[in-house]
Amino acid sequence: MAKNNMDQDILKILYTEDEIKERVNEMGRELYERFQGEEPLFVGVLNGCFMFMADLVRATGLKSELEFIGLSSYKDATKSSGVVQITRDMQRDITGRDLIIVEDILDSGNTLAFLSKYLMSKGARSITIATLLDKPSRRQKAITADYAGFIVPDEFVVGYGLDYAQMYRNLPYIGVLKPEVYTK
């Protein structure tokens, strides 16, 4: 693997590329068992979900459709503002559909609480939440993931789709960003 100029900003690696691949494949098998014979609609929360969602959908082996929604509550900060905005709405009718929300990280819970309520109001039959990372120490809303890849400490993590100021998404691992990078 080629060296990159982002590694210098990483304090430590929490989960390697291989560990992520193994866990995503396990989650895919679990989702296959739950939805076998059905055709769920995967709803990815942009932008952070894109790597995880691609790998997860492939790992499930389910006949399914994909949809995306853009939400924002962070802007370029390290903590949620608590105010969720739809930046890109879904393009299809979800009435009566079983949805699998795919999110990069469940942190405060504000985004997923908002999204779950929003999707149910649009007619979803059921909602299942699959998140790559779960950070329960920061939870403000009473929401949990049905499927979580890893529990992470209360540190600012990047990589494998997760960003700081739209950077670091393309790291193949999950790492803790050095505080001096985001406190400048």
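It should be noted that the structure appears before, not after, this text.
Residues numbered from 1 in each chain as written. Predicted model: local features only at pLDDT ≥ 70, side-chain atom pairs only at ≥ 80, totals over all residues. Heavy atoms only, no water.

A look at the overall build of the protein
Worth spelling out the cut-off: Only runs of H or I of at least four residues qualify as helices and only runs of E of at least two qualify as strands under DSSP, and these elements are numbered from the N terminus. The buried label goes to any residue with under 20% of its type's maximum accessible area, the exposed label to any with over 50%, and the partly exposed label to all in between, with areas taken from a 1.4 Å probe on protein chains only. Pairs of residues are marked as contacts when any of their non-hydrogen atoms sit within 4.5 Å. Shrake-Rupley sampling with a 1.4 Å probe provides the accessible areas, and residues are treated as covered by the protein chains on show and by no other component. Within this scheme the basic residues Lys and Arg register as positive and the acidic residues Asp and Glu register as negative, but His and the chain ends are omitted. Positions of charges follow a simple convention, taking NZ of Lys, CZ of Arg, CG of Asp or CD of Glu.
If you tally the helices and strands in the protein, you get 4 helices and 9 strands. Along the chain direction, N to C, the helices and strands of the protein fall in the order β-α-β-α-β-β-β-α-β-β-β-β-α. Along the longest, intermediate and shortest principal axes, the C-alpha atoms of the protein span 45 × 35 × 25 Å. Looking at the protein as a whole, 49% of its 184 residues qualify as buried. Within the protein, counting contacts between residues at least 6 apart in sequence, those at least 24 apart form 66% of the total. By element, 49% of the accessible surface of the protein is carried by carbon and sulfur atoms, the whole surface being about 9,300 Å². Averaging the locations of the 23 positively and 27 negatively charged side chains of the protein gives two centres separated by 4 Å.

Focus: the sheet that holds strand β1 (residues 10-15)
Counted only if it meets this: Think of it this way: DSSP has to see at least two bridges between two strands before they count as a pair.
Pairing is antiparallel across the open sheet formed by 3 strands, whose spatial order is β1-β9-β8. On the outer flanks of this sheet lie β1 and β8 (157-158), each paired with one strand and no other. Two elements, β8 and strand β9 (residues 174-177), share 2 bridges in a ladder whose sense is antiparallel. Bridge pairing in β9 links Val158 to Gly175.

A short note on the packing of aromatic side chains
Here the distance between the centres and the angle between the planes together describe a pair of aromatic rings. The test is simple: The aromatic pairing rule takes the rings of Phe, Tyr and Trp, using the six-membered ring of Trp, and pairs them if the centres are within 6.5 Å, calling planes under 30 degrees apart stacked, those over 60 edge-to-face and the rest tilted.
With the rule as written, the count across this model stands at 5 aromatic pairs. With 5.3 Å between their ring centres and 50 degrees between their planes, Phe156 and Tyr182 make a pair best called tilted. Of this pair, Phe156 sits in the loop between β7 (147-151) and β8 while Tyr182 sits in helix α4 (residues 179-182), and the two are 26 residues apart along the sequence. Classification of Phe156 by relative accessible area gives buried; the value is 13%.

Function cannot be inferred from these measures alone, as they are strictly geometric.
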